[in-house]
Amino acid sequence: MERLQKVIAHAGVASRRKAEKLIAEGKVKVNGKTVTELGTKVSSNDEVEVEGVPIDKEQPVYYLLYKPRGVISSVSDDKGRKVVTDYLPEVEERIFPIGRLDYDTSGLILLTNDGEFANLLMHPKHEVDKVYIAKTKGIPTKEQLQQLKKGMSVDGEYLKAVHAKIMSTDAKKNTAIVQIILHEGKNRQVRRMFDALGYPIDKLKRERYGMLDLKGMNAGDARPLKPFEVKQLRQLAEENVK
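What counts, and where the lines are drawn
Residues numbered from 1 in each chain as written. Predicted model: local features only at pLDDT ≥ 70, side-chain atom pairs only at ≥ 80, totals over all residues. Heavy atoms only, no water. Helix = DSSP H or I, 4+ residues; strand = E, 2+ residues; numbered from the N terminus. Buried < 20%, exposed > 50% of the residue type's maximum accessible area, 1.4 Å probe, protein only. Contact = heavy atoms within 4.5 Å. Areas by Shrake-Rupley, 256 points an atom, 1.4 Å probe, with all protein chains shown as cover. Lys, Arg positive; Asp, Glu negative; His and termini not counted. Charge placed at Lys NZ, Arg CZ, Asp CG, Glu CD. Pairing = 2+ DSSP bridges. Phe/Tyr/Trp six-rings, centres within 6.5 Å; stacked < 30°, edge-to-face > 60°. Lys NZ or Arg CZ within 6 Å of the ring centre and 35° of its normal. Core = buried A, V, L, I, M, F, W, Y, C linked by side-chain atoms within 4.5 Å.

Colleague: Help me understand the overall build of the chain in this model?
Modeller: Counting its regular elements, the chain contains 6 helices and 17 strands. Each principal axis of the C-alpha distribution contributes one length, and for the chain these read about 70 × 40 × 35 Å. Relative to its 242 residues, the chain shows a buried fraction of 44%. The contacts in the chain between residues at least 6 apart in sequence include a share of 63% that link residues at least 24 apart. Accessible surface, the chain as shown: approximately 13,200 Å² in total, 46% of it carbon and sulfur. In the chain, which carries 43 positive and 35 negative side-chain charges, the distance between the mean positions of the two groups comes to 6 Å.

Colleague: It is not clear to me how the side chain of Arg191 should be interpreted in this structure. Could you clarify?
Modeller: Mapped onto the elements, Arg191 comes out in helix α5 (residues 189–197). Aside from chain neighbours lying at most four places away, what touches Arg191 is Asp102, Asp104, Thr105, Ile201 and Leu204.

Colleague: What is the right way to read the pairing of strand β14 (residues 175–182) from this model?
Modeller: On a regular strand, one side chain projects to one face of the sheet and the next to the other, so that they alternate. For β14, the tally of buried residues reaches 7 of 8 residues, placing the bulk of the element in the interior. Taken together, the 8 bridges between strand β10 (residues 130–137) and β14 define a ladder with antiparallel strand orientation. In the sheet register, Thr136 faces β14, and the bridge partner there is Ala176. Pairing of strand β13 (residues 163–170) with β14, which is carried by 7 bridges, proceeds in the antiparallel orientation. Residue pairing for β14: Thr169 is matched across the bridge by Ala176. With antiparallel pairing between neighbouring strands as the criterion, β13 and β14 make up a hairpin whose turn holds 4 residues, including Asn174 at a positive phi of roughly 55°.

Colleague: How do you make sense of the sheet that holds strand β5 (residues 48–50) when you look at a structure like this?
Modeller: Within a sheet, neighbouring strands are paired by backbone hydrogen bonds and run either parallel or antiparallel to one another. The 4 strands lie next to each other as β3-β2-β5-β6, forming an open sheet whose pairing is antiparallel. The open sheet terminates on both sides in strands that have one partner only, identified here as β3 (33–34) and β6 (53–54). Bridge count for β5 against β6 is 2 bridges, and the pairing is antiparallel. Note that in β6 the partner of Glu49 across the bridge is Pro54.

Colleague: Could you clarify how one ought to interpret the packing of aromatic side chains in this entry?
Modeller: Each aromatic ring pair is described using two quantities: the centre-to-centre distance and the angle formed by the ring planes. Under the definition given, this model contains 1 aromatic pair. Arranged with centres 4.9 Å apart and planes meeting at 70°, the rings of Tyr62 and Phe117 form a pair that is edge-to-face. Linking Tyr62 in strand β7 (residues 62–67) with Phe117 in helix α3 (residues 115–122), this pair joins segments that are 55 residues apart in sequence. Of the two residues examined, Tyr62 and Phe117, each falls in the buried class. When the ring centre of Tyr103 is taken as origin, the NZ or CZ atom of Arg81, which lies over that ring, is 5.5 Å away. The aromatic ring of Tyr87 is capped on one face by Lys82, whose charged end is 4.7 Å from the ring centroid.

Colleague: Teacher, can you tell me more about the pairing of β7 here?
Modeller: The element β7 is extensively covered by neighbouring structure, given that 6 of its 6 residues are classed as buried. Pairing between β7 and strand β17 (residues 222–224): 3 bridges, direction antiparallel. The residue of β17 that forms the bridge with Leu65 is Ala222.

Colleague: Hey, could you run me through the nonpolar core in this one?
Modeller: The tendency in soluble globular proteins is for nonpolar side chains to be buried side by side. Within the largest apolar cluster, 31 residues are counted, with the highest numbers of intra-cluster contacts made by Leu148, Ile180, Val190 and Phe194. Filtering out sequence-adjacent residues up to four positions away, Phe194 remains in contact with Thr136, Pro140, Leu145, Leu148, Val178, Ile180, Tyr199, Pro200 and Ile201. By size, the runner-up hydrophobic cluster in this structure holds 20 residues, among which are Leu121, Leu212, Leu225 and Leu233.

Pasting the structure below:
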C-alpha cells in the first residue's frame, strides 16, 4: 500500500505537494469515490482518477545495478553528481532505488517502480540478507566482531550485524577483509559500526542481496530481474516475517 499523493506523483500527473492539494480540494477519486483524506493509502489494484481522468499505471519493472563508487543512490542530485538511474537511460518507467548505498560504497542495488515490492524488501522484520565485504584499516579481533553481532549503540542509534567474519588479513599493511551480513539498512551502518570499533573502512562493497549476486557483472552494469527472481525475493521476504 502507498499513500495516494505518492501514487499520483509517481504517475507524473503532479508533484506530491500539488497532489495533496488536489486531494484536499476533492478532485481525486479512488474506485469511483471522492477522497479528501491525505493519509489515504491505495494498492496497485485500486482505480485512481484525478479531475475525472484515470492515471496511467506503469507495468512494474525490476532492475539490478552494480553501483560504482562515487554515485548517488537517488534519481536526481542538485550538485550534478552521477545518480543510479544514469546507468539505466533506456528505462522509460519512473524507477527508484530500493534503499541506498553510500556515495563511496559500490555493489548491488535494486531499482523498481513497484512501491509495495520496495517496502516489502526494505522492512527489517522481513530479514533479507544484505552481504557486504569491507576492507578495514587495522585488523579487528574475534571479540570485536562478536560485538557487531551483539549490537552496539552509535550516536544514540542501535546498530547490529547478523554475521561478521574475517576473510583474510595483511599483517604488513595492517588491513583485513571482513564479511558482514545485515538485515537492516540504516544510514552508513557498516561504516559507523567499524568506526565505533576503531577500524575505519577503506573500501566497502555490497556483494549479495537475498539470493542475488554480481557474478559476471562489472561496475556500472545493469540488468532486468528475471520473473522467478522477483518471485523468489517476495517469497524470501514474506517467509522471514516473524
